Amino acid sequence: MEITSTRAGDHVFDLYGGVGLFAKRLLEVIGAGGRIDLIEGSKDAVRDAILWLAVYYHKQGKEFATREDKESKKISQINFKKAADLYLRYIKEYPEKEDDYKAIFYFAESSYEIRKFKTALEAYRLLKDYPLPIPGTFRADAVFNIVFTYKNVIDQAIKKNKFKNIDFDNVTSKIVGKEQEEIPTIGIDYINSIEEFLNVVPYDERASILYFHAASIFYVYGHLEEAFKRFFVIINKYPQSDAALVAARLLIDDAVSKEDWNKVLELAKEFKQSDLGGQASDFARIEGNARFKIAKSVFEEAAKLFQDEKINDAKEKFRESAKLYVELLNDDPKNPYADIMIFNTAQAIVRSGSSADALPYYRRLYKDYPQSQYASSARFQEAFLLEIGRAHVWT
């Protein structure tokens, strides 16, 4: 039979097919829709033909997968399916072959392409735990592909509402788990696969992203202690990564939501000093805001003590808040809350019993911030204190 008499989609019998050299030429003509039954008496030749055909279909699957049209995508799937079937046959019939690990790896890869993710996972796991030495990066690649395949299984579970909808590229504090919930088995398996991969290659270029995925699952399901532990690992191990920057913001957001301004200050200062993600100025701004909140809370605490007629305690707290405001103003004179801080500083000084010391702050407020809502009050307070001072002198 000549090649020229065959057409696309034909069913061809290749007698005495050997290792498939003639079949290769036929396949190029009949295409993915065709079929070849290769008949050969030599066991070794049949073995080599099976592997060769599997590799051929695998490559064809990859080639057609790169094309955009639907028909090519369909042909790609047909080829991957044929490749997976042939790899599986090779693995089952010739388990003693020294290159069996390759067949397992490519069987997993082909299975993945036809969306048989669980089958792919089983094959990759088999390769990960392969009892014999494996050359090259097959084992490490298998460990990573386990992770990647689990991610697709999770995506499928999300579509079936069997897993929380997590957009790992856009995790914000809005999706934090308010209460601790049980993480589905698939999520735990994904986390474990990530940790296995990072044990093998801790500084892989994808490490920070994968670690963030694991942390995010704990975060969304309300296991905050586990999530935060992993966020800090990302920050400390991969400080210049995008994942580290997002992890830092989530940690700060948590402290802000609890109004734990001392924690916000501690975190912002730490991230500023390390120039995390090259965003030192941003963390400096957060640090300044936290210091303002702390000074303001001390001021409010002093006012409450004064209201409760605990005068001496109130004066002590007013002095403390004034000191905090002054330190912040000196360190960060362009703080967006500067006018409020100056006004509260003056008020705190007055209420601590040192009225004359408040005058420079009232004057500074209405001169440097004439448009501030506190400017007119500052002028009035200055005039009032000066009048009181003159009255004292007169008497």
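In this report, the structure presented in the accompanying data block is examined. (Residues numbered from 1 in each chain as written. Predicted model: local features only at pLDDT ≥ 70, side-chain atom pairs only at ≥ 80, totals over all residues. Heavy atoms only, no water.)

## Observations concerning the overall build of the chain
Working step 1: Each helix and strand in the chain was counted, giving 16 helices and 2 strands.
Working step 2: Within the chain, the proportion of its 395 residues that are buried is 46%.
Working step 3: When contacts within the chain are restricted to residue pairs at least 6 apart in sequence, those whose partners lie at least 24 apart make up 55%.
Working step 4: Surface accessibility of the chain: about 22,000 Å² in total, with carbon and sulfur atoms responsible for 51%. (Helix = DSSP H or I, 4+ residues; strand = E, 2+ residues; numbered from the N terminus. Buried < 20%, exposed > 50% of the residue type's maximum accessible area, 1.4 Å probe, protein only. Contact = heavy atoms within 4.5 Å. Areas by Shrake-Rupley, 256 points an atom, 1.4 Å probe, with all protein chains shown as cover.)

## A closer look at helix H8 (residues 207-220)
Working step 1: In this model H8 runs 20 Å from its N-terminal to its C-terminal C-alpha over 14 residues, within 8% of the 20 Å that 1.5 Å per residue would give.
Working step 2: Counted residue by residue, H8 has 13 buried out of 14 residues, so it is predominantly covered.
Working step 3: Phi turns positive, to about 80°, at Gly222, one or two residues after H8. (Expected span 1.5 Å × (residues − 1).)

## What about the packing of helix H10 (residues 242-257) against helix H11 (residues 261-273)?
Working step 1: Two elements in contact, H10 and H11, have axes separated by 8 Å at closest approach and are oriented at 160°. In this view, H10 runs roughly antiparallel relative to H11, as classed from their interaxial angle. H11 is crossed by H10, and the crossing has left-handed handedness. Contacts between H10 and H11 involve Ala248, Leu251, Ile252, Ala255 and Val256 on the former and, on the latter, Trp261, Lys263, Val264, Leu267, Ala268 and Phe271.
Working step 2: Here the residues of the contact of H10 with H11 are counted per class, giving 10 nonpolar, no polar and 1 charged. (Axes fitted to C-alpha atoms, helices over the stretch in contact; angles between N-to-C directions. Parallel < 35°, antiparallel > 145°, perpendicular 65-115°, else oblique. Left-handed = near helix turned anticlockwise from the far one by under 90°. Nonpolar A, V, L, I, M, F, W, Y, C, P; charged D, E, K, R; others polar.)

## Some remarks on helix H15 (residues 355-368)
Working step 1: Here H15 spans 21 Å end to end across 14 residues, near enough to the 20 Å set by a 1.5 Å rise per residue.
Working step 2: Three or more residues of H15 are buried, namely Ala358, Leu359, Tyr362, Leu365 and Tyr366. The buried residues of H15 occupy an angular sector of 135° when projected down its axis, which confines them to one face. (Arc of directions from axis to C-beta.)

## Remarks on the packing of aromatic side chains
Working step 1: Going through the model one piece at a time under the given rule, you end up with 26 aromatic pairs.
Working step 2: Consider the rings of Phe292 and Tyr325, whose centres lie 6.4 Å apart with planes at 50°: the pair is tilted. Taken together, the residues span a long stretch of sequence, with Phe292 in helix H12 (residues 280-307) and Tyr325 in helix H13 (residues 311-331) at a distance of 33 residues.
Working step 3: On the basis of relative accessibility, which here comes to 0%, the residue Tyr325 falls in the buried class.
Working step 4: What links up through ring pairs into an aromatic cluster is the set Tyr87, Tyr101, Phe105, Tyr106, Tyr124 and Phe138.
Working step 5: The side chain of Arg379 reaches across the aromatic face of Tyr366, ending 4.1 Å from its centre. (Phe/Tyr/Trp six-rings, centres within 6.5 Å; stacked < 30°, edge-to-face > 60°. Lys NZ or Arg CZ within 6 Å of the ring centre and 35° of its normal.)

## Section: the pattern of salt bridges
Working step 1: Here the structure, examined in full by the defined rule, presents 26 salt bridges.
Working step 2: Among the ionic pairs, Asp155 bridges to Lys151, the shortest N-O distance being 3.1 Å. Within this pair, Asp155 and its partner Lys151 are both found in helix H6 (residues 138-159), separated by 4 residues, close to a single helical turn.
Working step 3: Arg285 is paired through a salt bridge with Asp282; the nearest N and O atoms lie 2.8 Å apart. Linking Arg285 with Asp282, this pair stays in helix H12, spanning 3 residues, or about one helical turn.
Working step 4: Taken together, the shared-partner salt bridges in this structure form one network comprising Glu195, Glu226, Lys229 and Arg230. (Salt bridge = Lys/Arg side-chain N within 4 Å of Asp/Glu carboxyl O.)

## Some remarks on the packing of helix H9 (residues 224-237) against H10
Working step 1: Interhelical geometry of H9 versus H10 gives an angle of 140° and a closest axis separation of 8 Å. Comparing the axis directions of H9 and H10 gives the class oblique. H10 is crossed by H9, and the crossing has left-handed handedness. Counted together, Leu224, Phe228, Phe231, Phe232, Ile234 and Ile235 of H9 and Ala243, Ala244, Ala247, Ala248, Leu250, Leu251 and Asp254 of H10 form the full contact between these two elements.
Working step 2: Counted by class, the contact of H9 with H10 contains 12 nonpolar, no polar and 1 charged residues.

## Some points on unusual backbone geometry
Working step 1: Look at Arg115: it is not a glycine, yet its phi comes out positive at around 65°.
Working step 2: You will see that Asn161, though not glycine, has its phi angle at about 60°, which is positive.
Working step 3: Along the chain, Asn161 falls in the loop between H6 and helix H7 (185-200).

## Comments concerning the nonpolar core
Working step 1: Phe163, Tyr190, Ile217, Phe231 and Phe271 are the most contacted members of the largest nonpolar core, which totals 90 residues.
Working step 2: Per-element accounting of this core gives the leading share, 11 residues, to H6.
Working step 3: Every residue in contact with Tyr190, bar those within four places of it in the chain, is listed here: Val147, Tyr150, Lys151, Ile154, Phe168, Leu210, His213 and Ile217.
Working step 4: Among the nonpolar cores identified, the runner-up in size contains 27 residues, and Ile340, Tyr362, Tyr366 and Leu385 belong to it. (Core = buried A, V, L, I, M, F, W, Y, C linked by side-chain atoms within 4.5 Å.)

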